[in-house]
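If you want the building blocks of each chain, they are given just below.
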Amino acid sequence: MAEGSSGIDRLKSKVGVEWEPKVCQIEREMIRRFARAVGDPNPLWQDEEYATASHYGGIIAPPTFILAIGLEQFVEDIMSLTSFGTVLIGGTELECYQPIRVGDVITASFKISNLREREGKMGRMAFMTFDSSYKNQRQELVAKCRQMVIGY
Amino acid sequence: MTEQLYYEDVVVGSEITPLVKQPTTRQLVMWAGAVGDYNPIHYDKDFAQSRGLSGVIVHGQLVGAFLGQLITDWIGELGVLRKLSCSYKGMNYPGEAVTCRGGVTKKYVQDGQHYVECNLWAENSKEEKTVLGVAIVMLPWRADYDK
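Note that the structure is predicted; figures quoted are calculated from it, not measured. (Residues numbered from 1 in each chain as written. Chains lettered and ligands numbered in written order. Predicted model: local features only at pLDDT ≥ 70, side-chain atom pairs only at ≥ 80, totals over all residues.)

Undergrad: Describe the overall build of chain A, listing the residues and the values that go with them.
TA: Broken down by element type, chain A carries five helices and five strands. Each principal axis of the C-alpha distribution contributes one length, and for chain A these read about 60 × 30 × 20 Å. Split into buried and exposed, the 152 residues of chain A put 36% on the buried side. Across chain A, contacts joining residues at least 24 apart in sequence account for 71% of those joining residues at least 6 apart. (Helix = DSSP H or I, 4+ residues; strand = E, 2+ residues; numbered from the N terminus. Buried ≥ 20, exposed ≤ 12 C-beta atoms within 10 Å, placed from the backbone. Contact = placed C-beta atoms within 7 Å.)

Written out as structure tokens, the structure is:
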């Protein structure tokens, strides 16, 4: 791959810059679809009657559901700025402050907080840190996430 | 639902009841749709091989979500998963069992909250650790509920 053609240089100018936030209204079906994909039968995520009678008073999303919010578009943006053939996630750190509920409107803010470059067997590789934070409609912080990502 | 776990009942060094998952290619497609991760290394064998892999692989984040389930099953309804860190070290392949395991490393009280820290990992069918994790949970204190 020719020097500069991977678009890594274009990404470097974006390090530390907040992307335009992604806004997502949480529907019960999204949570159900997520729980079914994990194969997690916990009734707090899917059983309206059970969840309503619980300590939470209604359906909540499992903590890892945060991965379903906004990351898709962010990764697409990164891919469109570069000529990466693949973006691999090497690690995830999730901090949860309160549960996400059906009807919440979650605003997800993403940025690349770090980028290092290395020549690998598949050409130029970018080792990136993505940081994201998630607020609800009351501007309360519900979660933070950091992902270690390799693009090549 | 499993029985509620209380802070008083947790013993440092004890093991969390393992969770065995059997991911299939169908499950990888369901996960791809649920989170919007359409990287073809998880559904297109030829593409996966062109990127240096032996075949399609299980999304690391899906295995991370399995570890999340291991914890939420264990801590019960009143427990809260506060932090979950996962690092994807190796490959899991669809059609092979993923065994999620964990052990308690620490328990402490901070600002009136009762915390437990655990080491987590996922094993493939060769008993290789493919995902390593750490979780911090907040647990209810039985004395608060027995009043």
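Undergrad: Break down the overall build of chain B for me, citing the residues and quoting the values.
TA: When you go through chain B residue by residue, the secondary structure sums to four helices and five strands. In chain B, the succession of helices and strands from N to C terminus is β-α-α-α-β-β-β-β-α. By principal-axis analysis of the C-alpha atoms, chain B measures approximately 60 × 30 × 25 Å. A total of 147 residues make up chain B; the buried ones form 38% of that total.

Undergrad: Which residues make up the interface of chain A and chain B, and what values go with them?
TA: The accessible area lost on association of the parts is a frequent measure of interface size. In this assembly, 31 residues from chain A lie in contact with 31 residues from chain B. Secondary structure elements with two or more residues in the side of chain A that touches chain B: helix 2 (28-38), helix 3 (43-46), helix 5 (71-81) and strand 2 (87-96) of chain A. Ranked by the residues each element gives to the side of chain A that touches chain B, the list is headed by strand 2 of chain A, at nine residues. Broken down by class, the residue content of the side of chain A that touches chain B amounts to 15 nonpolar, ten polar and six charged. Pairing of strand 2 of chain A with strand 2 (residues 80-88) of chain B, which is carried by five bridges, proceeds in the antiparallel orientation. Looking across to strand 2 of chain B, one finds that G91(A) is bridged to S87(B). (Nonpolar A, V, L, I, M, F, W, Y, C, P; charged D, E, K, R; others polar. Pairing = 2+ DSSP bridges.)

Undergrad: Any details on the nonpolar core? Residues and values, ideally.
TA: Burial of nonpolar side chains together is a common tendency in soluble globular proteins. All names here are of chain B. One finds F66, L67 and L70 to be the most contacted residues of the largest nonpolar core, which totals 78 residues. Per-element tally for this core: the top contributor is helix 3 (residues 60-75), with nine residues. Leaving out residues up to four positions away in the same chain, L67 has contacts with L84, C86, C100, L120, A122, V131 and G133. (Core = buried A, V, L, I, M, F, W, Y, C linked by C-beta atoms within 7 Å.)

Undergrad: Describe the sheet that holds strand 5 (residues 141-151) of chain A, with residues and values.
TA: Taken together, ten strands build an open sheet; the order of strands is 1(A)-3(A)-4(A)-5(A)-2(A)-2(B)-5(B)-4(B)-3(B)-1(B) and the sheet is antiparallel. Only two strands of the sheet have a single neighbouring strand rather than two, namely strand 1 (22-25) of chain A together with strand 1 (15-21) of chain B. If you compare each strand with its neighbour and ignore which way they point, the axes differ by 20° on average. As paired strands, strand 3 (residues 105-120) of chain A and strand 4 (residues 123-135) of chain A are joined by 13 bridges and run antiparallel to one another. (Axes fitted to C-alpha atoms, helices over the stretch in contact; angles between N-to-C directions.)

Undergrad: Describe unusual backbone geometry, listing the residues and the values that go with them.
TA: Its identity as a non-glycine residue notwithstanding, Q139(A) has a phi of 65°, on the positive side. Within the secondary structure, Q139(A) is located in the loop between strand 4 and strand 5. Judged by C-beta crowding, with 7 C-beta atoms within 10 Å, Q139(A) ranks as exposed. At E127(B), a position not held by glycine, the phi torsion is positive, near 60°. Considering the arrangement of structural elements, one finds E127(B) in the loop between strand 4 (113-123) and strand 5 (129-138).

Undergrad: Now, about the pairing of strand 2 of chain A: what can you tell me, with residues and values included?
TA: The side chains of a regular strand alternate between both faces of the sheet. In this structure, strand 2 of chain A lies alongside strand 5 of chain A, joined through nine bridges in antiparallel fashion. Paired with T92(A) across the bridge in strand 5 of chain A is Q147(A).

Undergrad: I'd like a rundown of helix 3 of chain B, residues and numbers included.
TA: The end-to-end C-alpha separation of helix 3 of chain B is 23 Å, in line with the 22 Å expected for 16 residues at 1.5 Å each. Judged by how many residues are buried, helix 3 of chain B sits mostly within the fold: 15 of 16 residues are covered. (Expected span 1.5 Å × (residues − 1).)

Undergrad: An account of the environment of Y115(B) is needed here, citing residue identities and associated values.
TA: Residue and element names in this part refer to chain B. Summarising the element assignment, Y115 is placed in strand 4. Given 18 C-beta atoms within a 10 Å radius, Y115 is considered partly exposed. Spatially, the C-alpha atom of Y115 lies 14 Å from that of G103, the residues being twelve residues apart in sequence. When neighbours within four sequence positions are excluded, Y115 is seen to be in contact with K107, Y108, Q110, I136 and M138.

Undergrad: Tell me about the packing of helix 2 of chain A against helix 1 (residues 25-35) of chain B, residues and numbers included.
TA: Contact pair helix 2 of chain A / helix 1 of chain B: the axes reach a minimum separation of 8 Å and the direction vectors enclose 150°. It follows from the interaxial angle that helix 2 of chain A and helix 1 of chain B lie roughly antiparallel. Where helix 2 of chain A crosses over helix 1 of chain B, the two elements pack in a sense that is left-handed. Contact residues: R33(A), F34(A), R36(A) and A37(A) in helix 2 of chain A; Q27(B), M30(B), W31(B) and A34(B) in helix 1 of chain B. When grouped by side-chain class, the residues that make up the contact of helix 2 of chain A with helix 1 of chain B number five nonpolar, one polar and two charged. (Parallel < 35°, antiparallel > 145°, perpendicular 65-115°, else oblique. Left-handed = near helix turned anticlockwise from the far one by under 90°.)

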